[in-house]
Amino acid sequence: MLTLAEFIRNMLQRWFHDRHRAAQSMRHQLTDVSHLVMLQQVEKCCYITVNPVDWNIFSVKRSGKQWTIDLARKTCICNKFQMHHFSCSHALVAARERNLDFTSLCSDYYKRQTLIDAYSVPIMHVSHPSSWVVPSDIAERGGFKSKDQETIRSPDGGSTCIIFREDNHPIV
Ligand SMILES: [Zn+2]
């Protein structure tokens, strides 16, 4: 069982390390995949015309169809903007009209820094149980020994290993 747990820990440690390194090497504010999707959205913007309704609301048209975008609420009548928390092509056109950074229209989940943060947590090996600091109430419920139960005092005042029950045995 411990071997399996150690195998899983090693695997997770390798995954986190590799993904953290990959995220660090990305060159854009968005992750590589999100950046590609954004470029596809930008390509769709070519034949869209935009009319501002007010500072945040825009009406865009293409091929006889019309969409309304609210940049403040991050919504579009196509529903893709609010559903994916990622700018649709209509919102991109409106953002371009306002000189807004496209990445401000995307959730942080699509951003490189979020990926870096997610994989920056180290997966440490589990130390030997003798070094665990377990609160006494948890120790009683879980069968752990707490620090205050770690040693048994022998009548002469010396310490006894709780596992091997031997005087002067190194405490395990
Ligand atoms: Zn849209």
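Residues numbered from 1 in each chain as written. Predicted model: local features only at pLDDT ≥ 70, side-chain atom pairs only at ≥ 80, totals over all residues.

Taking an unreviewed UniProt entry as the reference, the chain is identified by name as SWIM-type domain-containing protein belonging to Dipteronia sinensis.

(A) Quick peek at the overall build of the chain. Scanning the chain from N- to C-terminus turns up six helices and six strands. Put simply, the chain has 172 residues, and 16% of those count as buried. Intrachain contacts of the chain at a sequence separation of at least 6 include 39% that bridge at least 24 residues. (Helix = DSSP H or I, 4+ residues; strand = E, 2+ residues; numbered from the N terminus. Buried ≥ 20, exposed ≤ 12 C-beta atoms within 10 Å, placed from the backbone. Contact = placed C-beta atoms within 7 Å.)

(B) Layout of the nonpolar core. Core analysis: the largest hydrophobic core is formed by 19 residues, its most contacted members being Val60, Ile69, Cys76, Ala91, Ala94 and Ala95. Broken down by element, this core gets its largest block of residues, five residues, from helix H4 (residues 89-98). (Core = buried A, V, L, I, M, F, W, Y, C linked by C-beta atoms within 7 Å.)

(C) Local environment of the sheet that holds strand S4 (residues 75-76). Strand order in the open sheet made by the four strands is S1-S2-S3-S4, with antiparallel pairing throughout. A single partner strand is all that each edge strand has here, and the edge strands are strand S1 (49-52) and S4. Where strand S3 (residues 65-70) meets S4, two bridges bridge the pair, whose relative direction is antiparallel. Each bridged residue has a counterpart across the sheet, and for Ile69 the counterpart in S4 is Cys76. (Pairing = 2+ DSSP bridges.)

(D) Highlighting the confidence of the model for the chain. The predicted model of the chain averages 84 in pLDDT, with 83% of residues at 70 or higher. Here strand S5 (residues 151-153) stands out as the least confident element of the chain, with mean pLDDT 47; S4 is the most confident, with 97. The model gives residues 149-154 a pLDDT under 50, and that stretch makes 13 contacts with residues more than four places away or in other chains. Confidence drops under pLDDT 50 across residues 160-166; counting only partners more than four residues distant or on other chains, this segment forms 18 contacts. (pLDDT = per-residue confidence, 0-100.)

(E) Here's a closer look at the pairing of strand S2 (residues 57-62). Note that S1 and S2 share four bridges and pair antiparallel. Considered in S2, the bridge of Asn51 is made with Ser59. Between S1 and S2, which pair antiparallel one after the other, the connecting turn spans four residues. Relative to S3, S2 runs antiparallel, the two being bridged by six bridges. The residue of S3 that forms the bridge with Phe58 is Ile69. Where S2 folds back on S3, the antiparallel hairpin that results is connected by two residues, among which Ser63 adopts a positive phi of roughly 50°.

(F) Molecular detail of unusual backbone geometry. Backbone geometry places Lys74, a non-glycine residue, at a positive phi of 55°. Within the secondary structure layout, Lys74 lies in the loop between S3 and S4. Of the residues examined, Lys74 has 18 C-beta atoms within 10 Å and is grouped as partly exposed. Unlike most non-glycine residues, Asn99 shows phi in positive territory, near 60°. Residue class for Asn99 comes out exposed when judged on the 6 C-beta atoms lying within 10 Å of it.

(G) Examining helix H2 (residues 32-44) more closely. End to end, H2 covers 19 Å across 13 residues, agreeing with the expected 18 Å (1.5 Å per residue, within 8%). Every buried residue of H2 is listed here: Ser34, Met38 and Gln41. On an axial view of H2, the arc spanned by its buried residues comes to 55°, and they lie on one face. Exposed residues on H2 whose side chains face more than 90 degrees from its buried face are Val33, Leu36, Leu39, Gln40 and Glu43. Packed against the buried residues of H2 are H4. (Expected span 1.5 Å × (residues − 1). Arc of directions from axis to C-beta.)

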